[in-house]
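Results of the structural survey
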Amino acid sequence: MVTNRPAEGSGFVLLVYKAVREPSRHRVSVWRRLKAVGALYLQDSVCALPDDDEHRRFLADLGHDLQQNGGDALVLVARGLDQTTERAVVSRFNAERDGDYAEIIDQCAALLAEIEREQAKRNFSFAALEDTEGNLERLRRGSDTVTARDFFGAAGRKDADALLARCGDTFDTFAAAVVDHSEIKPS
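We now turn to the structure provided with this report. The model shown is predicted, which means the values in this text are computed figures rather than measured ones.

Analysis parameters
- For every chain, the first residue of the written sequence is number 1, and numbering continues from 1 onward in sequence order.
- It should be noted that, the model being predicted, local features are given only for residues of pLDDT at least 70 and side-chain atom pairs only at 80 or more, the latter also being counted only at that level, while totals for whole chains, interfaces and linings use all residues.
- Note: side-chain values were computed over all heavy atoms of the structure, leaving out hydrogens and water.
- Two strands are counted as paired when DSSP detects at least two bridges linking them.
- Numbered from the N terminus, helices here are DSSP runs of H or I no shorter than four residues, and strands are runs of E no shorter than two.
- For every element, the axis is a line fit to its C-alpha atoms; helices are fit only across the contacting stretch, and the angle between N-to-C directions ranges from 0 to 180 degrees.
- Convention used here: angles under 35 degrees read as roughly parallel, angles over 145 as roughly antiparallel, angles from 65 to 115 as roughly perpendicular, and any remaining angle as oblique.
- Helix crossings get a hand from a simple test, with the near helix turned counterclockwise from the far one by less than a right angle marking a left-handed crossing and a clockwise turn marking a right-handed one.
- We call two residues in contact when some of their heavy atoms are within 4.5 Å.
- Helices are assigned an expected span. That span is 1.5 Å times one less than the residue count.
- Note on classification: 1.4 Å probe, protein chains only; a residue is buried when its accessible area is under 20% of the maximum for its type, exposed when over 50%, partly exposed between these limits.
- Aromatic rings from Phe, Tyr and Trp, with only the six-membered ring used for Trp, were paired whenever their centres fell within 6.5 Å, and each pair was classed as stacked if the ring planes differed by under 30 degrees, edge-to-face if by over 60, and tilted otherwise.
- The nonpolar core is taken to be a set of buried Ala, Val, Leu, Ile, Met, Phe, Trp, Tyr and Cys residues, with the residues joined through side-chain atoms within 4.5 Å.
- Gly is placed with the polar residues, together with every amino acid not listed as nonpolar (Ala, Val, Leu, Ile, Met, Phe, Trp, Tyr, Cys and Pro) or charged (Asp, Glu, Lys and Arg).

**Here's the deal with the sheet that holds strand E1 (residues 12–18)**
- An order of E2-E3-E1-E4 is seen for the 4 strands of this open sheet, with the pairing classed as antiparallel. Of all the strands in the sheet, the pair left with one neighbour each is strand E2 (40–43) and strand E4 (72–78). Sheet twist, expressed as the mean angle between neighbouring strand axes with direction ignored, is 30 degrees.
- Note that E1 and E4 share 7 bridges and pair antiparallel.

**Observations concerning the packing of helix H4 (residues 126–148) against helix H5 (residues 156–181)**
- As a packed pair, H4 and H5 sit with axes 11 Å apart at the nearest point and diverge in direction by 160 degrees. The angle between H4 and H5 places the two elements in the roughly antiparallel class. Considering only the axes of H4 and H5, their crossing is left-handed. Judged by residue contacts, Phe126, Ala128, Leu129, Thr132, Glu133, Leu136, Leu139, Arg140, Ser143 and Thr147 of H4 engage Arg157, Asp161, Leu164, Cys167, Gly168, Phe171, Phe174, Ala175 and Val178 from H5.

**Considering H4**
- For H4, built from 23 residues, the straight-helix expectation of 33 Å at 1.5 Å per residue is met to within 8% by its first-to-last C-alpha distance of 33 Å.
- Within the span of H4, buried status applies to Ala128, Leu129, Thr132, Leu136, Leu139, Ser143, Val146 and Thr147.
- The inward-facing, buried residues of H4 contact helix H3 (83–120) and H5.

**Remarks on the pairing of E2**
- Pairing of E2 with strand E3 (residues 46–50) involves 3 bridges; the strand directions are antiparallel. When the bridges of E3 are listed, Tyr41 appears paired with Cys47.
- In sequence, E2 turns back onto E3 through a hairpin of 2 residues, with Ser45 there showing a positive phi of about 65 degrees.

**With respect to the packing of aromatic side chains**
- A full pass over the atoms with the stated rule returns 6 aromatic pairs.
- Pairing Phe93 with Phe151 gives two aromatic rings, centres 5.9 Å apart and planes at 85 degrees, and the pair type is edge-to-face. In this pair, Phe93 is assigned in helix H3 and Phe151 in the loop between H4 and H5, connecting sequence segments 58 residues apart.
- By relative accessible area, Phe93 is classed as buried at 1%.
- Through pairs of rings, three or more aromatic residues link up here, namely Phe12, Phe93, Phe151 and Phe152.

**Points about the nonpolar core**
- With 22 residues, the main nonpolar core has Ile104, Cys108 and Phe174 as its most contacted residues.
- If you list the elements that add at least two residues to this core, you get H3, H4 and H5.
- Not counting residues up to four positions away in its chain, the partners in contact with Ile104 are Leu139, Gly142, Ser143, Val146 and Ala160.
- Listed in part, the 21 residues of the second largest apolar core include Val13, Ala19, Val30 and Phe152.

**Considering the environment of Val75**
- Among the structural elements, Val75 can be located in strand E4.
- Separated by 104 residues in sequence, Val75 and Val179 place their C-alpha atoms 56 Å apart.
- Discounting residues that sit within four places of it in the chain, Val75 has contacts with Val13, Leu14, Leu15, Leu59 and Ala60.

**Things to note about the packing of helix H1 (residues 25–37) against helix H2 (residues 53–68)**
- Look at H1 against H2: their axes get within 11 Å of each other, and the N-to-C directions meet at 175 degrees. The orientation of H1 relative to H2 falls into the category roughly antiparallel. Along the contact surface, H1 presents Val30, Arg33, Leu34 and Val37, while H2 presents His55, Phe58, Leu59, Leu62, Asp65 and Leu66.
- For the contact of H1 with H2, a count of residues per class yields 7 nonpolar, 1 polar and 2 charged.

The structure is reproduced here in structure tokens:
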């Protein structure tokens, strides 16, 4: 269940900005920070987040940083003129998260195929197990990141969560097979 879902009709906090062209690291840093928090680009240099105190502080701080580095920034609170407009913005947020969940699903499918290949080759080594475990942990962290920015309960989460759980179960089965095939048995 999404715990970070904003209240219906709570509006959005917007950052309208202009970053300096050079050095480009300032523009890249702004983009990375906005992407990391799950901001939605409404158009070039106009980003939205659900309106709450945390997002207001984040965008105010980012706006301050932009100004300190020679750029310009405005932080505004906005609501759609009607529910249709609000829903359209929420739909765009959900579409972005669904894209992120689709990537997780693709990575889960690749991990399941990797485990299947190792089993088919009967490669029950601890090296293969550790490599697979690292890939699973990266997937879980990536999923946690996407879930944290899933403000409105995107539909793709259910399938991504189910496939990630299947990856965990498949990994557990593979780990048991590795232990069964090793000379070292746990006590």
